[in-house]
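Below are the chains, spelled out letter by letter.
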Amino acid sequence: MPDWLTYSPSDFLLFSARTYQRLFILHNEALWPLHIAALMTGLGLIVCVWRPGPASQRLIPAILAVTWAWVAWSFLWQRYATINWAANYAAWIFIIQAAMLAAFALPRYGLRLAGPGGAWWDGHIVLLLAIVLIYPLLPWIVGRNWRAGELFAIAPDPTVLVTLAILSL
């Protein structure tokens, strides 16, 4: 029992920070041309949120559903599961979230956003722009390899953040 006191939190990590960074570098290299489409998709979502209309009520959740399913398959199952046993469970959670978002894309439902205007709305638009445009640059900003940047619709973290920002509207 006294040996347990010698453990630190880092002893329980499944992989190093370098391994995790390398995982994103390899993922980004494998998907390279899709980064442009992912960036355009993120900007398109922001335009749909900024100028909401009847079509955007179904288009926004449909795009989010596709991105959640894509990230589940391309990153969580194909890459992250190789270094983390729990990634398969996270992938299933992403698939369930994609199905729920797809339900909002049905003609009967739709995503009802608050009307534009006000500091709350403007703050969310700025937040969405930051997640789509600045979040991928964070590794470069903090002095790490810029090729490890995480993009919306390519990596899980910015995809979740964009979804939360939109759903909070």
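**Student:** Before we go on, may I ask you to explain the overall build of the chain in this structure?
**Tutor:** If you tally the helices and strands in the chain, you get seven helices and zero strands. Looking at the chain as a whole, 37% of its 169 residues are labelled buried. Long-range contacts, defined as pairs at least 24 residues apart, comprise 74% of the intrachain contacts of the chain with a sequence gap of at least 6. The distance from the centre of the 9 positive side-chain charges to the centre of the 6 negative ones in the chain is 16 Å.

**Student:** In this structure, what is going on with the packing of helix H5 (residues 118–134) against helix H7 (residues 156–167)? I would like to understand it.
**Tutor:** When two helices pack together, their arrangement is given by the angle between their axes and by how far apart the axes lie. Two elements in contact, H5 and H7, have axes whose closest approach is 10 Å; the angle formed by their N-to-C orientations is 170°. Comparing the axis directions of H5 and H7 gives the class roughly antiparallel. Seen from H5, the contacting residues are His124, Leu127, Leu128, Ile131 and Val132; seen from H7, they are Pro158, Leu161, Val162, Ala165 and Ile166. Here the contact of H5 with H7 is composed, by residue class, of nine nonpolar, one polar and no charged.

**Student:** Help me out: how do you make sense of the side chain of Glu150 in this one?
**Tutor:** Here Glu150 shows up in the loop between helix H6 (138–141) and H7. Among buried charged residues, Glu150 stands out as having no salt bridge; its nearest opposite-charge side chain is Arg144, 7.6 Å away. Residues contacting Glu150, with those up to four places away along its chain left out, are Phe24, Tyr135, Pro136, Ala155, Asp157 and Pro158.

**Student:** How should I be thinking about the packing of aromatic side chains in this particular structure?
**Tutor:** Here the distance between the centres and the angle between the planes together describe a pair of aromatic rings. Tallied over the full model, the rule gives eight aromatic pairs. Consider the rings of Tyr20 and Tyr80, whose centres lie 5.9 Å apart with planes at 65°: the pair is edge-to-face. Remark: Tyr80 occurs in the loop between helix H3 (56–77) and helix H4 (87–104) and Tyr20 occurs in helix H1 (residues 17–30); sequence separation between them is 60 residues. With a relative accessible area of 25%, Tyr20 lands in the partly exposed category. The exposure class of Tyr80 is buried, given its relative accessible area of 15%. Put simply, the rings of Tyr20, Phe24, Phe75 and Tyr80 touch in pairs and so form one group of aromatic residues. Over the ring of Trp50 we find Arg51, and its NZ or CZ is 4.6 Å from the ring centre.

Cut-offs and rules
- Residues numbered from 1 in each chain as written.
- Predicted model: local features only at pLDDT ≥ 70, side-chain atom pairs only at ≥ 80, totals over all residues.
- Heavy atoms only, no water.
- Helix = DSSP H or I, 4+ residues; strand = E, 2+ residues; numbered from the N terminus.
- Buried < 20%, exposed > 50% of the residue type's maximum accessible area, 1.4 Å probe, protein only.
- Contact = heavy atoms within 4.5 Å.
- Lys, Arg positive; Asp, Glu negative; His and termini not counted.
- Charge placed at Lys NZ, Arg CZ, Asp CG, Glu CD.
- Axes fitted to C-alpha atoms, helices over the stretch in contact; angles between N-to-C directions.
- Parallel < 35°, antiparallel > 145°, perpendicular 65-115°, else oblique.
- Nonpolar A, V, L, I, M, F, W, Y, C, P; charged D, E, K, R; others polar.
- Salt bridge = Lys/Arg side-chain N within 4 Å of Asp/Glu carboxyl O.
- Phe/Tyr/Trp six-rings, centres within 6.5 Å; stacked < 30°, edge-to-face > 60°.
- Lys NZ or Arg CZ within 6 Å of the ring centre and 35° of its normal.

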